[in-house]
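Each chain is listed here by its residues.
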Amino acid sequence: MTIWLRKWLVGSPPIIDERDDTILDKEDVTSIIEQNEAFVKQMFQKCSDLVCHKIHAVDGKAKRLIVYLETITDEKKVSDLVLKPYERIAEETETLDSESIPVGKSVTSSNWAEIVKLLLRGYAIVFTAGETSAVCLTVNSLVHRSIEEPSSEPVIRGPKEGFIERQSVNVGLLRNYIRTPRLKMEAFTLGEITETNVLVTYIEGLADESVVDQVRDKIASIRVDGVLESGYIEELIQDNPIPLFPTVQVTERPDVVAGGLLEGRVAILVDNTPFVLVVPVTFWNGMQASEDYYLSYPVATFVRWIRFIFLFIAIFAPSLFVAVTTCHQEMIPTSLLLSIASARELVPLPVMIETLLMEIMFEALREAGLRLPRTIGQTVSIVGALVIGQAAVQAGIISAPTVIVVSMTGIAAFVIPRFNFANGIRLLRFPIIFLAGSLGLYGIALSFLGILLHVVHLKSFGVPYFTPVAPFSLRAIKDVWFRVPRKNGVGISIPSYDRATKAPQREGRE
Amino acid sequence: MKRWLRIGILLIPLVITGCWDRMEINDIGLVMGTGLDLMEDGNIRATLQISVPSPSSQTTGVKEGDRFFLISEVGKNAFDLDQKLQQKMSRTLFFSHRSVILIGESLARHGINDILDSFSRHPRNRLKTYVFVVKGMKAGDLLQVHYPYELVPAEALKEMQIMRGEGISTTLRDFLIASASEGINPAVGVLEPTHFFSSSQKVKDELFRMKGTAIFKSSALVGFLDNAETHAFLWFKKNKKTDKIVADLPEGNGNVGYFLTSSEVIIEPDMLGNHLKFHVDIKGKGNLFENNSRLDVGQPNNQKLIKKALENRVEHDMKVFLRKIQTQYKTDIVGFGQQFQRKDPQKWRIVEEQWDRHFAAAEISVSVNLTINNTGAIGPSLHLKEKEIMK
């Protein structure tokens, strides 16, 4: 039944056309340059960026063939580092092996499949007449934007550099933070077509081996056509069946990843995206901002508490309003009830419908503001504020208290520092409003219980999601509710979940 | 699949036991106050003050209408009344926000046992509702008075009760506790009609004021205390915190005002044979707020004088009050009996049956000790000439 359901939902796995690969696997590089050239040209038919450059010896025969894709190579490097040395040597009829060419990485291969792969990564391939192997030299150009401040997690105090789309640059950024050979990076290539580089990064000795194993296994078992962004991998590796609460942290900040690595977590760097995944993650990690550790601890603790309060508001404020005004009017102070009643006197809709409408409207405004080109973006907020805040209230379609509650909720959701945490919480509001409208506070209590059950049940790579509160650990909990002064020893370098979970985890496994 | 079915079955009882009594705010009629009067034929007339939530004029431009209206009905008991009153309303009567219950004097004298039951039984009723006895007017009529400050006059009554020191504040809960307890009787505040002049016209408008205390004996009104006696009674209440005491000075031809900030009253029961004795020990702390005499209050001798005058005043008032409840009404509203029961449960059994008679015969002595903490930063009054001040 479940298999059928999954098939119906996901569809059958895509059939990959493997014809080309089989040819590639069978044939090897020949010793005749012309044959090799013909093969490459046939393979890259209708690919206008293929460049085949032949070097002729003194006798006029083609001695070498240099093949590369001009769009992803550094042409200057090609001419300086590859063409010139080979031309010189061609005249002197000496042999030149890959090691003597002064480029970064070079591979000698006779397998077409491998050669084509490397060619597509921006390598220059050098075939030599009479040899059945080709030399592949890195001359790829890293086209990338400059390092900028991360837009999804801005800070006031703290490093302003963010990851970019090029993995090697990202790794470099990370290496700047953690200068130790214990920083391991295991490379994987994911995506049958896209061949995306994925790095599993951790600090040996700090990271829990079982977590690293799990990540490795999960990533190795991924079978997809393409990986365009780390979101693909996030979805495929998380153990959460209903991913409302993310069990994978997403960040654009190298300092956050470095901090995570120091806490013994594992980072997954995907090429072509500035978003890096960090696992395992707990609920409380979602409520921490990197800035917590840069500000003074009383301020950071205060801000953290504000976040907890507003987390509650973000989830429950509209539903509490609905529950109290429809089922428990006796709970509202008389004068407040009178003013709510007079504000609602002209409103024809039930409070629940009204609140749901406003919430949906708010989400629409948010989405519109996000998707629109920046120049028109402002119009949306102005129109939204005028239409919803002013006209709808004046026309008596929406009551002012509802507008206040909904906008307060909207602001509250933005207080949550990790945006992927906020997303799930925004979604949760709607069923709770519905429950609150039909069952009152009892409905809210039910939904709260439900959420709590779900969250406590969750695990992120073996670590219970509510650590250190649910498997309780007094030592680690200090860093959840307070930002403990660093001299007290509980700081960034102590893994907050590690001590709390190691014992029960081992019991569970054996 | 089976799992989800099971979860679904588990969820059904969770949901069907919920409170499905949702009511929109637009569909409830907020009852702010109830007035109860006894009719000549023995039926009860109930008058409800219901607030009208008018859309605020600022946003809609609608002219503000009446903030409340009254409906009134005659019936046998509370249930009957409720049914009849609901027939007049387009919205469900909502009693949870009722702040006051006014009881007409005639009904109070007749006894309010019959209606008390419904107040305590219905869950929508608040036990924090204040109870008043209306003197000199029908309770229902008093609800008609327009009160200029508050949205509805019932709110004004509530606010007046919350202001401590100006009268006793008795909630339904206090009333029920006092009438159910041994050795104490309930006492509630009294409302009286009065008048005020509105700024535009010279016509007198109706208003109300709190004046005195109504003494109940087994749920029936037996008599009233006047303002001075009520203030003496307040010493025994926990809310004597912001009371003012005015005393004439024997010499120095003037008077002083004293502002009480904290007080403590200890009742010491004692029984020798059949002779019941109580000692009331009153302690108070406060500040001097007014001095109309030429005394320099900075002088310790003068302070002693003032203290003595104030203490005499309190003692006198207290004795008048005690005499009244002992001899005239023979009703223990203070809780002397309660204190006695707590101190000596064995002997209490002897007097329990006829407590009111025993209480009336008891000998009560009073001692007062007031402390003047603050004379108001200055010694003598500023406007006096040097030679006028009595050191």
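Residues numbered from 1 in each chain as written. Chains lettered and ligands numbered in written order. Predicted model: local features only at pLDDT ≥ 70, side-chain atom pairs only at ≥ 80, totals over all residues. Heavy atoms only, no water.

A. Expanded view of the overall build of chain B. Broken down by element type, chain B carries 13 helices and 13 strands. Structurally, chain B occupies a C-alpha span of about 90 × 65 × 60 Å along its principal axes. Burial analysis of chain B (391 residues in total) assigns 47% to the buried set. Within chain B, counting contacts between residues at least 6 apart in sequence, those at least 24 apart form 70% of the total. Averaging the coordinates of the 52 positive side-chain charges in chain B and doing the same for the 46 negative ones gives two points 4 Å apart. (Helix = DSSP H or I, 4+ residues; strand = E, 2+ residues; numbered from the N terminus. Buried < 20%, exposed > 50% of the residue type's maximum accessible area, 1.4 Å probe, protein only. Contact = heavy atoms within 4.5 Å. Lys, Arg positive; Asp, Glu negative; His and termini not counted. Charge placed at Lys NZ, Arg CZ, Asp CG, Glu CD.)

B. Broad picture of helix α5 (residues 112–120) of chain A. Within α5 of chain A the residues assigned to the buried category are W112, A113, I115, V116, L118 and L119 of chain A. Looking one or two residues past α5 of chain A, G122 of chain A carries a phi angle of roughly 95°, positive in sign.

C. View of the pairing of strand β6 (residues 130–134) of chain B. Residues and elements named next belong to chain B. Across the five residues that make up β6, a large majority, five, are buried. Taking every second residue as pointing to the same face, both faces of β6 are buried, with Y130, F132 and V134 on one and V131 and V133 on the other. Inspection of the sheet shows strand β5 (residues 100–104) paired to β6 by five bridges, in the parallel sense. Residue I103 lies in a different strand from β6, and its bridge partner there is V133. (Pairing = 2+ DSSP bridges.)

D. Just the pattern of salt bridges, in detail. All names here are of chain A. Summed over all chains, the structure comprises 39 salt bridges over all chains. Between E148 and R145 there is a salt bridge, with its nearest N and O atoms 3.5 Å apart. Members of the salt-bridge network, linked through shared partners, are E359, E363, R426 and R429. (Salt bridge = Lys/Arg side-chain N within 4 Å of Asp/Glu carboxyl O.)

E. Focus on the sheet that holds strand β7 (residues 196–203) of chain A. Residue and element names in this part refer to chain A. Spatial strand order, β6-β7-β9-β10-β8: five strands in an open sheet with antiparallel pairing. Where the open sheet ends on each side, the last strands, each with one partner, are β6 (183–190) and β8 (249–251). Neighbour-to-neighbour, the strand axes of the sheet open up by a mean angle of 25°, direction not taken into account. Here three bridges tie strand β9 (residues 266–270) to strand β10 (residues 276–279), and the two strands are oriented antiparallel to one another. (Axes fitted to C-alpha atoms, helices over the stretch in contact; angles between N-to-C directions.)

F. Just the interface of chain B and chain A, in detail. Each side of the interface is counted separately: chain B has 31 residues, and chain A has 26 residues. Summed over both partners, the interface of chain B with chain A comes to about 2600 Å²; 62% of that surface belongs to carbon and sulfur atoms. The largest contributions to the chain B side of the interface with chain A come from R22, I25 and H97 of chain B, which together make up 23% of the buried area. Inspection of the chain B/chain A interface yields three salt bridges. Across the salt bridge formed by E24 of chain B and R344 of chain A, the nearest N and O atoms sit 3.6 Å from each other. (Buried area = accessible area lost by both parts, 1.4 Å probe.)

G. Quick peek at the sheet that holds strand β12 (residues 275–291) of chain B. Residues and elements named next belong to chain B. With mixed pairing, the four strands of this open sheet are ordered in space as β10-β11-β12-β13. Edge positions in the sheet fall to β10 (244–248) and β13 (363–374), since each of these pairs with one other strand and no more. The mean angle between the axes of side-by-side strands here comes to 40°, regardless of whether they run parallel or antiparallel. As paired strands, β12 and β13 are joined by eleven bridges and run parallel to one another. Note that in β13 the partner of I282 across the bridge is V368.

H. Geometry of the packing of helix α5 (residues 113–121) of chain B against helix α8 (residues 172–180) of chain B. All names here are of chain B. One can describe the packing of α5 onto α8 by two numbers: an axis separation of 11 Å at closest approach and a directional angle of 120°. When the interaxial angle is binned, α5 and α8 end up oblique. Seen along the crossing, α5 lies across α8 with a hand that is left-handed. Contacts from L116, F119 and S120 in α5 reach L172, F175 and L176 in α8. Looking at the contact of α5 with α8 residue by residue, the class counts come to five nonpolar, one polar and no charged. (Parallel < 35°, antiparallel > 145°, perpendicular 65-115°, else oblique. Left-handed = near helix turned anticlockwise from the far one by under 90°. Nonpolar A, V, L, I, M, F, W, Y, C, P; charged D, E, K, R; others polar.)

I. Summary view of α5 of chain B. Residue and element names in this part refer to chain B. For α5, the set of buried residues is I115, L116 and F119. Along α5, the residues classed as buried sweep out an arc of 110° about the axis, all on the same side. Among the exposed residues of α5, those oriented more than 90 degrees off its buried face are D114 and R121. As for α5, its buried residues are in contact with β1 (28–38), β2 (44–51), β5, α4 (105–110) and α8. (Arc of directions from axis to C-beta.)

J. Expanded view of the environment of S31 of chain A. Residue and element names in this part refer to chain A. If you trace the backbone, S31 turns up in the loop between α2 (19–26) and α3 (33–43). Separated by 101 residues in sequence, S31 and T132 place their C-alpha atoms 4.7 Å apart. Discounting residues that sit within four places of it in the chain, S31 has contacts with T128, A129, G130, E131 and T132.

K. A look at the packing of helix α6 (residues 167–177) of chain A against helix α9 (residues 254–262) of chain A. All names here are of chain A. Their axes nearest at 9 Å, the elements α6 and α9 cross at an angle of 60°. Regarding the angle of α6 to α9, the classification is oblique. As α6 runs across α9, the sense of the crossing is right-handed. For the pair α6 and α9, the contacting residues are L173, L174 and Y177 in the first and P254, D255, V257, A258 and L261 in the second.

L. Region of interest: the environment of T251 of chain A. Residues and elements named next belong to chain A. Checked against the element boundaries, T251 lands in strand β8. On the basis of relative accessibility, which here comes to 0%, the residue T251 falls in the buried class. Through-space distance from the C-alpha of T251 to that of G162 is 9.1 Å; in sequence the pair is 89 residues apart. Looking at T251, its side chain comes within polar contact range of the main-chain nitrogen of R253, at 3.0 Å. (Polar contact = N/O pair within 3.5 Å; in protein donor to acceptor, adjacent residues only side chain to side chain.)

M. Main features of the confidence of the model for chain B. Of the residues in chain B, 91% have a pLDDT of 70 or more, and the chain-wide mean is 84. Scored as a complex, the prediction yields pTM 0.82 and ipTM 0.81. (pLDDT = per-residue confidence, 0-100.)

N. Broad picture of the nonpolar core. Among the nonpolar cores identified, the biggest contains 47 residues, and F321 and F336 of chain B are the most heavily contacted of them. When residues of this core are assigned to their parent elements, the largest contribution, nine residues, is made by helix α10 (residues 300–329) of chain B. Those residues in contact with F336 of chain B, other than ones at most four positions away along the chain, are G183, F236, I267, F278, V280, L322, W355, F359 and I364 of chain B. The next biggest cluster of nonpolar side chains, apart from the first, holds 32 residues, and it includes I332 of chain A together with L102, V145 and A156 of chain B. (Core = buried A, V, L, I, M, F, W, Y, C linked by side-chain atoms within 4.5 Å.)

O. Expanded view of unusual backbone geometry. All names here are of chain A. Geometrically, the link from V279 to P280 is a cis peptide bond, its omega value of -10° lying close to zero. Here P280 shows up in the loop between β10 and α10 (297–326). Note the cis peptide between T467 and P468, where omega equals 0°. One can find P468 in the loop between β12 (463–464) and α17 (474–481). One non-glycine residue, K46, lies in positive phi territory at about 60°. According to the relative accessible area criterion, K46 is exposed, its value standing at 84%. The backbone of N272 sits at a positive phi, close to 75°, despite the residue not being glycine. By the secondary structure assignment, N272 is in the loop between β9 and β10.

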